[in-house]
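Secondary and tertiary structure notes
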Amino acid sequence: MNLKLLIFSPLIISLIFLLPIFSGHSVFIRRAAKTFACVHFIYSLLLIVFYNANLPLNFSDEITFFNEKWFGSLGISLSLGVDGISVLLVILCSFLTLMSCMASKGVIKSKHSLYYSLIFMLETAVLGVFCSRDMFEFFLFWELELVPMYFLISLWGSGNAKKSAMKFLLYTFIGSLFMLCGLLMLYNFNFISTQELTADIGNLNFDYDSVPIYVQCITSILIFIGFAVKLPIIPLHNWLPAAHVDAPTPVSMLLAGILLKMGAYGIIRFNIQILSDAFLILVPYLVILAFINIAFAAVLAYYQTDIKKIIAYSSISSMGIVLLGLCSGNLAGITGAVFLMLAHGIISAALFFIVGIIYKRISTRDIGQLGGLALVMPKTAGFATLFCLASVGLPFLISFPGEFLVFFGAVISSLLNNYLIQVVALSSIIVLVLSAIYILKFLHKSFYGQLQLRFDSACDLISHEFIILFSLSVVIILFGVLPMPIIDLVIPAIRQATEAFGG
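Residues numbered from 1 in each chain as written. Predicted model: local features only at pLDDT ≥ 70, side-chain atom pairs only at ≥ 80, totals over all residues. Heavy atoms only, no water.

Comments concerning the environment of F455
Applicable threshold: Runs of E in the DSSP output that reach at least two residues are strands. Runs of H or I that reach at least four are helices, and both are numbered from the N terminus. Burial status follows relative accessibility: with a 1.4 Å probe on protein chains alone, a residue under 20% of its type maximum counts as buried, one over 50% as exposed, and anything between as partly exposed. Here, two residues are considered to be in contact whenever any of their heavy atoms come within 4.5 Å of each other.
Within the secondary structure, F455 sits in the loop between α16 (420-447) and α17 (463-481). F455 gets classed as buried once you look at its relative accessible area, which sits at 2%. Separated by 93 residues in sequence, F455 and I362 place their C-alpha atoms 6.6 Å apart. F455 has contacts with I362, T364, Q369, L370, L373 and V376, leaving out every residue within four places of it along the chain.

Below, the structure written as structure tokens:
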């Protein structure tokens, strides 16, 4: 396996698509994009084939310039590598990019070469985040993601697309400034403790006794803010519903399915693994933020009339559960959080695609104007039912193992002595009833009840839509029934994170 090929081949393809010779060849570009995305996904699966669970880091590689490191004298390099968590998210990214390219047919009707170029540029940025082993390299890829996503929303979105894209850009960019300050502090204190200039994530190990705990907490908070915007955590969530509503369906699939996972991944890499002492102090506050995310976003989702906003707020609520699992500080809870990241990525992409199908047929997302679509779109209704049941955590579907492990890990957590995590976990389980209500409301109001006469000519799924939904369904059922391959893959990497808290 060659991680450089895996990460940068989409970028090369994106540059090729911008060549003048491809201008006006929309069908060829669309087919070429789908072909490359399919090949790239198959290549990413080889990570699993050749992955060695006994090694802490697999497929280590480094990008040099004429045999020189990026900023070698400062200990900064472009080093790559993956562990169990990274492998899972890399494959998720590659898979959803393929699904997004397929979903773009009939949705994207202009500037095809630029559109697919930005899609693959976005894929390179996200893969770079998941594979980076240097914290400044991590930040470089983190920032690179902003450019294609901004243009994907503003150029091909609807409604207030430019305003929503700018809101996304400003929120994420400001959060990144806080994160950069935290990374610089981490780099500085590591040098003070070890007398070695390095930005290697695996070698950041400063002397906690020589750095005051309040300084560690400030560093952790600054880094966390950048991740909290992307997760997103209330009240830093305002960009997400607007971005989802105005973004085209394939972009919403990528935004919910991949980009939100970058925030949780960053928390694991930096706040938990490197700044564990500070994370332990911040856990009570993060647990409260997790509950606010779960409960408040669920209430907001219930009162939405735009079905796309319902799914958007459900994503915020689900990521609150992920944060709760990370706060448990034990193997079960963090494993559940990582598994739920995969589950949410698949389910949210599927639900946004269902919403896109509905809007494409009947040109409205107002839940009050829908109803009875199962009579004319039975296949769509069947897939929507499966995805909604998976979203509420039905056993033997992909969300259930993750949610079970998160709440189990929270209940048995010994990270705090005041039972705060246990109380929040039990309260969150009760709140999940509300989650079932708004998801089933979306399902019932959209597909069941009386059919509006003006919708009686709506057509059901066409071939490429069926292939997308069937592919997502296979993943949802397969890993709901057989979750252990995923759990066995990520446990060795997560065990290293939980050692700081006593496992």
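Here's the deal with the packing of helix α8 (residues 213-230) against helix α11 (residues 276-302)
Note the threshold: Only C-alpha atoms enter the line fits that serve as axes; for helices the fit covers just the stretch in contact. Angles between N-to-C directions range over 0 to 180 degrees. Convention used here: angles under 35 degrees read as roughly parallel, angles over 145 as roughly antiparallel, angles from 65 to 115 as roughly perpendicular, and any remaining angle as oblique. For any helix crossing, the convention is left-handed if the near helix is rotated counterclockwise from the far helix by under a right angle, and right-handed if that rotation is clockwise.
Between α8 and α11, whose axes approach to 8 Å, the crossing angle comes to 60°. Between α8 and α11, the interaxial angle falls into the category oblique. Relative to α11, the crossing made by α8 is right-handed. Along the contact surface, α8 presents I213, Q216, C217, S220, I221 and F224, while α11 presents D277, A278, I281, L282 and L286.

Here's the deal with the packing of helix α4 (residues 112-131) against helix α6 (residues 146-156)
Selection rule: Following the grouping adopted for this structure description, the nonpolar residues are Ala, Val, Leu, Ile, Met, Phe, Trp, Tyr, Cys and Pro, the charged ones are Asp, Glu, Lys and Arg, and the polar ones are all others, Gly among them.
Following both chains from N to C, one finds α4 and α6 inclined at 150°, their axes separated by 9 Å at the closest point. In terms of their interaxial angle, α4 and α6 are classed as roughly antiparallel. Relative to α6, α4 is oriented so that their crossing is left-handed. Facing α4, whose interface residues are L114, Y115, L118, I119, M121 and L122, α6 presents P148, M149, F151, L152, L155 and W156. The residue makeup of the contact of α4 with α6, split by class, is twelve nonpolar, no polar and no charged.

So, the nonpolar core
In plain terms, the rule: The definition of a nonpolar core used throughout is a set of buried Ala, Val, Leu, Ile, Met, Phe, Trp, Tyr and Cys residues joined through side-chain atoms within 4.5 Å.
Residues M135, F270, L324 and F387 are the most contacted members of the largest nonpolar core, which totals 191 residues. The greatest single-element share of this core, amounting to 20 residues, is contributed by helix α13 (residues 331-362). When residues no more than four places from it in sequence are discounted, the contact partners of F270 are M135, F138, L183, L186, I201, I223, F227 and L275.

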